[in-house]
Structure formats: C-alpha cells, structure tokens
Amino acid sequence: MGYDNDNIFAKILRGEIPSHKICEDDETFAFMDIMPRGPGHSLVIPKKPARNILDVDPASLAAVMRTVQKVGRATMNAFDAPGLTIQQFNETEGGQVVFHLHVHVIPRFAGVALKPPAGPMEDPKVLAENAARISAALEVA
Ligand code: AMP
C-alpha cells in the first residue's frame with residue numbers, strides 16, 4: 001500500500017484545510033483530534049509522508065515520539081490528568097482510518113472511559129481552547 005498525497009492530514013500539513021495546532025517543528029506537527037475520545041485528545045504526525053508505522057523513516061518516527069512525549073507531558077499538566085493513553089493504528093484491520101501516520105495522545109482520569117471512536121465533532125471553540133491550553137503548558141515545561 002502506498003501513500004496518498006490527498007489524505008486529510010496531508011491537506012492539513014499543506015494548510016489546505018484548517019486544524020487546531022498545538023505546536024510544530026521541522027519534522028512534526030501536533031493538533032487537536034476533531035472527534036476526541038476525551039477532552040484534550042490530540043494527534044502528532046510526521047511532516048515527511050508516511051502511511052503508518054510500517055513504512056515510516058525511523059528518524060521521522062523518532063521525531064514523532066519526541067513530540068508525543070513533550071505533548072503528552074504538557075497535556076497531563078494542562079488538564080491535571082493523572083494518566084495518559086498513547087494509541088497508534090496500522091491499516092484498516094488494525095483500526096487505521098486516516099492513512100498518514102499519526103499517534104493519539106489522550107489524557108486519562110480515574111473512572112472515565114474513552115468515548116467510542118468516530119464520535120461527534122467537538123465544538124471548534126473548545127478545540128481552540130484546548131490547543132491553547134496544551135501550547136501554554138509546553139511553554140512552561
Ligand atoms: P485512526 O486512523 O483510527 O487512528 O483515526 C483517525 C483519527 O483522526 C480519528 O481519531 C479522527 O477523529 C481524527 N480526524 C479525522 N479527521 C480529522 C481532522 N480533519 N482533524 C483532526 N482530526 C481528524
């Protein structure tokens with residue numbers, strides 16, 4: 001399976017469709033998931049095209065995981081979350097829906113289950129507020 005240049009995250013990286021950005025560097029981009037499985041759910045993606053973990057360049061994967069760690073710590077601080085779930089899916093049978101590598105970063109709280117995937121779209125105002133909250137926590141980290 002190859003990489004489709006017109007997948008939705010490629011369009012986000014090109015600025016063709018909007019996103020609620022948390023941060024970016026030369027190799028990675030972090031933004032809010034529009035159908036969050038909990039408040040503060042974000043995604044980290046490589047800028048270099050990769051379908052999933054099976055074809056990603058190892059240096060690009062390492063950069064993604066560095067950003068996952070930073071965003072994960074900032075998210076826990078921003079939401080005062082005692083736990084953090086990191087998820088990553090590969091191919092349709094593995095649960096992947098968007099075919100540009102992405103890692104889910106989800107703050108977790110005692111007794112609160114994850115909402116099902118593909119739930120309702122979050123209010124853009126809430127997504128913008130949550131992105132700003134995580135960004136601000138990155139600054140003080
Ligand atoms: P998966 O491929 O199963 O890891 O899931 C793709 C994720 O991308 C889901 O959690 C969706 O809610 C999320 N998603 C889909 N479209 C967008 C978008 N335009 N902006 C942000 N997140 C998105």
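Just above, that's the structure.
None of the values given here were measured: they were computed from a predicted structure. (Residues numbered from 1 in each chain as written. Predicted model: local features only at pLDDT ≥ 70, side-chain atom pairs only at ≥ 80, totals over all residues. Heavy atoms only, no water.)

Looking now at the pairing of strand S5 (residues 103-108). In terms of burial, S5 is largely enclosed, as 5 of its 6 residues are buried. Strand direction decides the pairing type here: strand S3 (residues 42-46) and S5, joined by 3 bridges, are antiparallel. Looking across to S5, one finds that Ser 42 is bridged to Val 105. Where strand S4 (residues 83-87) lies against S5, 5 bridges are found, and the strand directions are antiparallel. Across the sheet, residue Thr 85 finds its bridge partner in S5, namely Ile 106. (Buried < 20%, exposed > 50% of the residue type's maximum accessible area, 1.4 Å probe, protein only. Helix = DSSP H or I, 4+ residues; strand = E, 2+ residues; numbered from the N terminus. Pairing = 2+ DSSP bridges.)

Attention now moves to the pattern of salt bridges. Once their charged atoms are close, side chains differing in charge can pair, the charge on each being opposite to the other. Evaluated as defined, the whole model comprises 7 salt bridges. Close ionic contact of Glu 24 with Lys 21 constitutes a salt bridge, the shortest N to O distance being 2.7 Å. The structure contains a network of salt bridges with shared partners spanning Asp 6, Arg 14 and Glu 16. (Salt bridge = Lys/Arg side-chain N within 4 Å of Asp/Glu carboxyl O.)

Surrounding the ligand, one finds 16 residues, the nearest of these being Asp 33, Gly 95, Val 97, His 102 and His 104. Note that an oxygen atom of the ligand is positioned 3.0 Å from one of the backbone N or O atoms of Val 98. Contact distances for the ligand include 2.5 Å between an oxygen atom and a side-chain N or O atom of His 102. Coverage of the ligand by the protein amounts to 87% of the 510 Å² it exposes when considered alone. Of all the secondary structure elements, the ones that give two or more residues to the shell around the ligand are helix H1 (8-13) and strand S2 (28-32). Residues of the shell around the ligand, tallied by class, amount to 11 nonpolar, 4 polar and 1 charged. (Near = heavy atom within 4 Å. Polar contact = N/O pair within 3.5 Å; in protein donor to acceptor, adjacent residues only side chain to side chain. Areas by Shrake-Rupley, 256 points an atom, 1.4 Å probe, with all protein chains shown as cover. Nonpolar A, V, L, I, M, F, W, Y, C, P; charged D, E, K, R; others polar.)

A few words on the nonpolar core. In terms of nonpolar packing, the biggest core is built from 18 residues, with Ile 22, Ala 30, Met 32, Val 44, Val 68, Val 71 and Ile 134 touching the most fellow members. Counting only elements with at least two residues in this core, the list comes to strand S1 (21-24), S2, helix H2 (58-79), S5 and helix H3 (124-140). With 6 residues, H2 is the largest single contributor of residues to this core. Every residue in contact with Val 68, bar those within four places of it in the chain, is listed here: Val 44, Ile 86, Val 103 and Val 105. If you look at the next biggest cluster of nonpolar residues, it comprises 7 residues, including Ile 12, Phe 29, Phe 31 and Ile 45. (Core = buried A, V, L, I, M, F, W, Y, C linked by side-chain atoms within 4.5 Å. Contact = heavy atoms within 4.5 Å.)

Moving on to the sheet that holds S1. Pairing is antiparallel in the open sheet, where 5 strands are placed in the order S1-S2-S3-S5-S4. Sheet topology places S1 and S4 at the edges, where each strand pairs with a single neighbour. Across the sheet, the mean angle separating the axes of adjacent strands is 20° when strand polarity is ignored. Two elements, S2 and S3, share 5 bridges in a ladder whose sense is antiparallel. Directly across from Phe 31, in S3, lies its bridge partner Leu 43. Packed onto the sheet, H2 meets S1, S2, S3, S4 and S5 and runs at close to 20° relative to S5. Strands S1 and S2 of the sheet are contacted by H3, whose axis makes an angle of about 35° with S1. (Axes fitted to C-alpha atoms, helices over the stretch in contact; angles between N-to-C directions.)

At Glu 91, a residue that is not glycine, the phi angle is positive and equals roughly 65°. Here Ala 118, not a glycine, exhibits a phi torsion of approximately 55°, which is positive.

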